[in-house]
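One letter stands for each residue in the lines below.
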Amino acid sequence: MTGTRKRLLRQALGFLGRRKRVLLALAGWSLLESAHTFLGGYGIAMALDHGFLAGRTGTGLVWLGVAALAVVVGGLAGGGVFRGLADLVEPLRDGLVRRVVGRALAQAVSDPAHAADSAVVSRLTNQTEIARDSFAGLVLVARSFVFTAVGALLGLASLAPQLLLLVLPPLIVGLLLFLATLRPMASCQRAFLHADEAVSTQVGAIATGLRDVVACGAQELTAARAHAVIASEERAARSLARWAAARSLSLGVAGHVPVLLLLVAAPWLLRQQVTAGVLLGALTYLTQSLLPALNTLMNALGAAGTRLLVVLDRLTEGPDGQGGVKEGHALSVRPAPRSTQRTAHPSPSAMPHQGGSRVELRAVTFAYGSAAQPVLRDLDLTVEPGEHLVVVGPSGIGKSTLTGLVAGLLEPAHGEVLVRGGPARVPYTDDPALLRVLIPQEAYVFTGSVRENLLYLCSAGASTAALEASSEAVGLGPLLRRLGGLDAQIDPASLSQGERQLIALGRAHLSPAPLVLLDEATCHLDPAAEARAERAFADRPGTVIVVAHRISSARRADRILVLDGTRATCGTHDELLDRSALYRDLVGRWHAERL
């Protein structure tokens, strides 16, 4: 933080130094506010002592008129202050916008993979507006406090110098206590902002890969990591709250203790020839001017000030990212090896079987909600061990729902789903990756090496030869060589959707699962690459269920399941051309798209 403060201080002094005329205009208008503060308390004291208490009502009314005129002058001064403030604040926002845009364009040229960083939008809109509003508020309250305090203290000295003995010591102590809280509060604000961003990043990563997390059995590890970042944010919030309490204490010392001392010392002041009007004028200075200004100053500096410091640090950091989070790079979340995710041993029924898994759906009905129409109704289906089944049907008909049921991610409302004779929804103590693997349309790739990504479903590990064989089988080889081999580090954001799918396919091919579910897992590959990947899984020992989006995938299958609302028809390609009007329509549409 020390380097950050020095850097921001240099930039702030340079910015203000180029606007001396604006600052002088603000100071001139602020002097009128000091006169307003001075005349407010002084006028009340004179109206009481030299007017009403002395029996001269006219004199008292004149002094009250002076105090009222001071309020009008203060209002005019406020208008001038706001006009000058615009000349100070708007150039700050314009400069920040130019800096953010310049850095974003420079990064887009130097690092095209992160050119579409959503954080730039936040910096251009939300954060620059926070900086502008916070800076404007700080200028207003700091200027107001300084000139209000000057007017109030001059007024107290002019009424009775003894009053300063009661007001200045607690005021100085409270201000010093408040200043002592600014540095730790800024640190806590920064820690809270980092923790909040970490929570957003973690939750976003989990939401994106939630289906894969469940399918891979990583719920426990994912929950532990999410709990860790949430706990970190909680600690930062509690620390920030403690320093906010210290700030309230400093306000009490600086603003309320002088009032208490004035009331306690009233008998002594009266013996010192201090009049009742002077005491009332002093209370007016303390309660109507000094205390509100202190309260506004401490709240603004304690909240907006620390927020401004953090936001300016992010908006003005150098291109190397010093002083903040590097532009365009999110906090990475790398899954640990799967061998660390389970402490219990898998049951014998979940052990891999080279012959594949038998899948049975018995009168399965499923709906998304008790009042919703069923997506699948009374579906009966048997997939034999080692069979290659392709599922086709219109969009939204229930194809992905079927794979979710077989994977154990969803539970039917009626009927049962069996894999190898047991429930598809495996006990939490077992490792589902030993039973089945599901690759959805949005492939899950994490920051790390290619080897770590491929081995993620292999709790027992695999040889380099096996890794290379699976990579070549699914067509990952060219990408693997371009990236630099198995130990090359990859950034998911820099990969295309098709490249991410190839890595996920290689991971599934290498896994020991006897059942593979591909839910449009090749939709971002060209037909040739898709054919190679599907042949690899057809040649791999085990059962394969594929949700297809091309006729070529259906032609390569042993059998095809056509989902048509509440009906389902299963057979070979030639059989379905005779038996299913929907399948004939889909085949015709697929051929038309190819043409």
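Parameters and conventions
- Residues numbered from 1 in each chain as written.
- Predicted model: local features only at pLDDT ≥ 70, side-chain atom pairs only at ≥ 80, totals over all residues.
- Heavy atoms only, no water.
- Helix = DSSP H or I, 4+ residues; strand = E, 2+ residues; numbered from the N terminus.
- Buried < 20%, exposed > 50% of the residue type's maximum accessible area, 1.4 Å probe, protein only.
- Contact = heavy atoms within 4.5 Å.
- Areas by Shrake-Rupley, 256 points an atom, 1.4 Å probe, with all protein chains shown as cover.
- Pairing = 2+ DSSP bridges.
- Axes fitted to C-alpha atoms, helices over the stretch in contact; angles between N-to-C directions.
- Polar contact = N/O pair within 3.5 Å; in protein donor to acceptor, adjacent residues only side chain to side chain.
- Parallel < 35°, antiparallel > 145°, perpendicular 65-115°, else oblique.
- Nonpolar A, V, L, I, M, F, W, Y, C, P; charged D, E, K, R; others polar.
- Expected span 1.5 Å × (residues − 1).
- Bend = angle between axes of the 7 residues up to and from the residue.
- Left-handed = near helix turned anticlockwise from the far one by under 90°.
- Phe/Tyr/Trp six-rings, centres within 6.5 Å; stacked < 30°, edge-to-face > 60°.
- Salt bridge = Lys/Arg side-chain N within 4 Å of Asp/Glu carboxyl O.

## Brief notes about the overall build of the protein
Along its length, the protein carries 18 helices and twelve strands. For the protein, buried positions account for 47% of its 595 residues. In the protein, the share of contacts with a sequence separation of at least 24, taken over all contacts with a separation of at least 6, comes to 77%. For the protein, the accessible surface area stands at approximately 27600 Å², while carbon and sulfur atoms represent 62% of it.

## Notes on the sheet that holds strand 10 (residues 543–547)
With mixed pairing, six strands are arranged side by side in an open sheet as 6-9-10-3-11-12. Whereas interior strands pair on both sides, the edge strands pair on one side only; in this sheet they are strand 6 (437–439) and strand 12 (567–571). Pairs of neighbouring strands in the sheet enclose a mean axial angle of 15 degrees, with direction left out of account. Summarising the sheet, strand 6 and strand 9 (residues 515–519) pair through three bridges and their orientation is parallel. Bridge assignment links L438 to a residue of strand 9, and that residue is L517. Its contacts with the sheet place helix 10 (residues 399–407) against strand 3 (388–392), strand 6, strand 9, strand 10 and strand 11 (559–564), and it is angled at close to 155 degrees to strand 9.

## What about helix 10?
Extensive coverage of helix 10 is indicated by the burial of eight of its nine residues. Considered for burial, the residues of helix 10 that qualify are K399, T401, L402, T403, G404, L405, V406 and A407. Of the residues trailing helix 10, G408 is marked for its positive phi of about 85 degrees.

## What about the sheet that holds strand 4 (residues 414–419)?
Spatially, 2-1-4-5 is the arrangement adopted by the four strands of the open sheet, whose pairing is antiparallel. Looking at the sheet topology across the chains shown, the edges are occupied by strand 2 (376–383) and strand 5 (422–423). As paired strands, strand 1 (residues 359–366) and strand 2 are joined by five bridges and run antiparallel to one another. Within the sheet, the bridge partner assigned to V364 lies in strand 2 and is L379.

## Brief notes about the side chain of H573
Turning to its location among the elements, H573 is positioned in helix 17 (residues 573–579). On the basis of relative accessible area, H573 is assigned to the buried category, the value being 12%. Within polar-contact distance, the side chain of H573 engages the side chain of Y583 at 2.6 Å.

## Quick notes on the pairing of strand 11
The pairing of strand 3 with strand 11 spans four bridges and is parallel. Bridging from a neighbouring strand, L389 pairs with R559 of strand 11. In this structure, strand 11 lies alongside strand 12, joined through five bridges in antiparallel fashion. Across the sheet, the residue bridging to V562 is T569, located in strand 12.

## Quick notes on the packing of helix 14 (residues 497–510) against helix 15 (residues 527–539)
Where helix 14 contacts helix 15, the axes come no closer than 11 Å and their chain directions differ by 10 degrees. The angle between helix 14 and helix 15 falls in the class roughly parallel. Along the contact surface, helix 14 presents L505, A508 and H509, while helix 15 presents A533, A536 and F537. Classifying every residue of the contact of helix 14 with helix 15 gives five nonpolar, one polar and no charged.

## What to know about the pairing of strand 10
Taking burial as the measure, the five residues of strand 10 include five buried ones, the bulk of the element. Here strand 10 shows no split at all, with T543, I545 and V547 on one side and V544 and V546 on the other all buried. Across four bridges, the pairing between strand 3 and strand 10 is parallel. Among the inter-strand pairings, L389 is bridged to a residue of strand 10, identified as I545.

## A closer look at helix 5 (residues 162–208)
The periodicity of an α-helix, 3.6 residues per turn, causes residues three or four places apart in sequence to face the same way. A rise of 1.5 Å per residue sets the reference length of helix 5, with its 47 residues, at 69 Å; its end C-alpha atoms lie 69 Å apart and thus fit the reference within 8%. Its axis deflected by about 30 degrees at L182, helix 5 carries its strongest bend there, up to four residues before the proline P184.

## Describing the packing of helix 5 against helix 7 (residues 219–264)
Helix packing geometry: the angle between the two helix axes and the distance between the axes. Close contact between helix 5 and helix 7 brings their axes to 8 Å; oriented N to C, the two are set at 165 degrees. In this view, helix 5 runs roughly antiparallel relative to helix 7, as classed from their interaxial angle. Classified by chirality, the crossing of helix 7 by helix 5 is left-handed.

## A few points about the environment of H227
Summarising the element assignment, H227 is placed in helix 7. C-alpha separation for the pair H227 and V199, spaced 28 residues apart in sequence, amounts to 9.3 Å.

## Side note on the packing of aromatic side chains
Under the criterion given, the structure shown has five aromatic pairs. Seen from their ring centres, F38 and Y42 are 5.4 Å apart, and the 15 degrees between their planes marks the pair as stacked. Linking F38 with Y42, this pair stays in helix 2 (residues 20–52), spanning four residues, or about one helical turn. Look at Y42 and W63: their rings are 5.9 Å apart centre to centre, the planes differ by 70 degrees, and that puts the pair in the edge-to-face class. One end of the pair, Y42, is in helix 2; the other, W63, is in helix 3 (residues 57–110), and 21 residues separate them in sequence. Given a relative accessible area of 25%, W63 falls into the partly exposed group. Here the aromatic residues F38, Y42 and W63 are joined through ring pairs into a cluster of three or more.

## Quick look at the pattern of salt bridges
If you walk through the whole model with that rule in mind, you get twelve salt bridges. R238 is paired through a salt bridge with E234; the nearest N and O atoms lie 3.2 Å apart. One end of the pair, R238, and the other, E234, are both in helix 7, four residues apart, so they sit about a helical turn from each other. With a closest N to O distance of 2.4 Å, R559 and E387 form a salt bridge. In this pair, R559 is assigned in strand 11 and E387 in the loop between strand 2 and strand 3, connecting sequence segments 172 residues apart. The exposure class assigned to E387 is buried, which follows from its relative accessible area of 10%. Salt bridges linked by common partners bring R358, E360, R362, E384 and E416 together as one network.

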